[in-house]
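Take a look at the letters that make up each chain.
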Amino acid sequence: MPALRIVQRAVLDLRARNGIGVSSPASPPHFQRLCLQEDPTGVWVAEADGVLQGFAFSWMIGRFWFLAQLFIDPGVQARGIGQALLSRTLEQAARRGADNHALITFAYNRASTGLYIRHGIYPREPLYRFEAPAQTVRLPSVSPSLEVLPMQSGGPAPAWLGEIDELVLGFRRDAHHQMLLGTGLRALGFIRAGRPVGYAYVSGTGHVGPMAVAPGTDPAAAGVLALREAKATAAEYVSILAPGRAAALLAMITEAGLRLTEPIVILAARPFGEWDRYVPMNPGYM
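Model, not experiment: these values are computed from the prediction.

We now examine the pattern of salt bridges. Applying the stated criterion to the full structure yields 10 salt bridges. Residue Asp-73 pairs with Arg-9 through a salt bridge whose shortest N-O separation is 2.5 Å. Of this pair, Asp-73 sits in the loop between β3 (64-72) and α3 (81-95) while Arg-9 is found in helix α1 (residues 2-17), placing the two residues 64 residues apart along the sequence. Its relative accessible area of 39% is what places Arg-9 among the partly exposed residues. The salt bridge involving Asp-13 is made with Arg-17; its shortest N-O contact spans 2.9 Å. With a gap of 4 residues between them, Asp-13 and Arg-17 both fall in helix α1, about one helical turn apart. A relative accessible area of 54% means that Arg-17 is categorised as exposed. Three or more residues are tied together by salt bridges with common partners; here these are Asp-39, Arg-95 and Arg-96.

Looking now at the nonpolar core. With 37 residues, the main nonpolar core has Trp-59, Tyr-199 and Met-286 as its most contacted residues. Ranked by residues supplied to this core, first place goes to helix α5 (residues 159-168) with 4 residues. With near-sequence residues (within four places) excluded, Trp-59 lies in contact with Phe-31, Cys-35, Phe-64, Trp-65, Phe-66, Ala-68, Gln-92, Arg-173, His-176, Gly-284, Tyr-285 and Met-286. Formed by 32 residues, the second largest nonpolar core is a distinct cluster that contains Leu-188, Ala-221, Ala-230 and Met-252.

Across 9 bridges, strand β5 (residues 122-133) lies against strand β11 (residues 259-268) in antiparallel orientation. Counted as the bridge partner of Phe-130 is Leu-260 from β11. Alignment of β5 against strand β10 (residues 237-243), held across 7 bridges, turns out to be antiparallel. Note that in β10 the partner of Ala-132 across the bridge is Val-238.

What follows concerns helix α8 (residues 247-255). Restricting attention to buried positions, one finds in α8 the residues Leu-249, Leu-250, Met-252 and Ile-253. Along the axis of α8, the buried residues cluster in a sector spanning 165°; they form a single face. In α8, the exposed positions that point more than 90 degrees away from the buried face belong to Ala-247 and Glu-255. Looking at the packing, one finds that the buried side of α8 touches β5, α7 (219-231), β10 and β12 (278-279). Among the residues trailing α8, Gly-257 stands out with phi positive, at a value near 105°.

Enumeration according to the criterion identifies 13 aromatic pairs in this entry. Each ring, one from Trp-275 and one from Tyr-278, has its centre 5.7 Å from the other, and the planes form 75°; the classification is edge-to-face. For the pair formed by Trp-275 and Tyr-278, the shared burial category is buried. The ring of Tyr-285 carries Arg-173 above its face, with NZ or CZ at 3.9 Å from the centroid.

Our focus in this paragraph is the side chain of Gln-53. You can see Gln-53 is positioned in strand β2 (residues 51-61). The contacts of Gln-53, once residues within four sequence positions are left out, are Ile-6, Ala-46, Glu-47, Ala-48, Phe-71, Ile-72, Asp-73, Val-76 and Ile-81.

Two numbers describe how α7 lies on α8: the axes approach to 8 Å, and their chain directions differ by 40°. Compared by their axis directions, α7 and α8 come out oblique. Pair α7 / α8 crosses with right-handed handedness. Within the contact between the two elements, α7 uses Pro-219, Ala-220, Gly-223, Val-224 and Leu-227 and α8 uses Ala-248, Leu-249 and Met-252. Taken together, the residues of the contact of α7 with α8 sort by class into 7 nonpolar, 1 polar and no charged.

Cut-offs used in this document
Residues numbered from 1 in each chain as written. Predicted model: local features only at pLDDT ≥ 70, side-chain atom pairs only at ≥ 80, totals over all residues. Heavy atoms only, no water. Salt bridge = Lys/Arg side-chain N within 4 Å of Asp/Glu carboxyl O. Helix = DSSP H or I, 4+ residues; strand = E, 2+ residues; numbered from the N terminus. Buried < 20%, exposed > 50% of the residue type's maximum accessible area, 1.4 Å probe, protein only. Core = buried A, V, L, I, M, F, W, Y, C linked by side-chain atoms within 4.5 Å. Contact = heavy atoms within 4.5 Å. Pairing = 2+ DSSP bridges. Arc of directions from axis to C-beta. Phe/Tyr/Trp six-rings, centres within 6.5 Å; stacked < 30°, edge-to-face > 60°. Lys NZ or Arg CZ within 6 Å of the ring centre and 35° of its normal. Axes fitted to C-alpha atoms, helices over the stretch in contact; angles between N-to-C directions. Parallel < 35°, antiparallel > 145°, perpendicular 65-115°, else oblique. Left-handed = near helix turned anticlockwise from the far one by under 90°. Nonpolar A, V, L, I, M, F, W, Y, C, P; charged D, E, K, R; others polar.

Right, here's the structure in full:
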């Protein structure tokens, strides 16, 4: 797939130039397909002589606009292609009356961060990718008051998932949850006193996210339960993206033996979200 190859080349090139040795497995484009079906104007491509040189992909929920991907082939970067693609993609936000623009990018990508700042999209929250061999991770015990309830794969998304998102992010993501429940991820509900108070998804590669917990629920305890599920997979490594504001979660992660591998950052035109209670899945999904 040409777009996937551009993503892989661009990310590898950027990491190599900044001395970052992290590798990320490629994921099937389930989410991109969902968003393209909902609004095809969120995808733009740049071509020359029939060859793909870059692309941009954004999604919207209500009046919230999110730039999921903007990648240019390393051989043609610094030629204004990124600026042109971003301008085209922002047309979707303008047409649908977006009141906030946001994205997640690598914190060490100075060129792209400067581009977004020029468009009024500013750094708001640091994110840190942590990773460790699964067998080396030592997780603490968790209060029995917080239970885990596996959610049915392929079943309808429970309404309470959207309710928690609205509390934590400011908007519901019902269609996004429905998509995740159909992709083979392990879906967990966190239950306290018989009521759902959070959720987490765990991939077959041992990655935790997205994860969200309602007010009054300990994000570190939820993180322990999610990482415990990640360790139970056949994955060699476990990983998670932790917001800088989530101090208790960060403390638990480092004490468990995970190590910081990459700094990332959330940018937005204006602040949003309760980042001490939400763990993104990846830069595209958020």
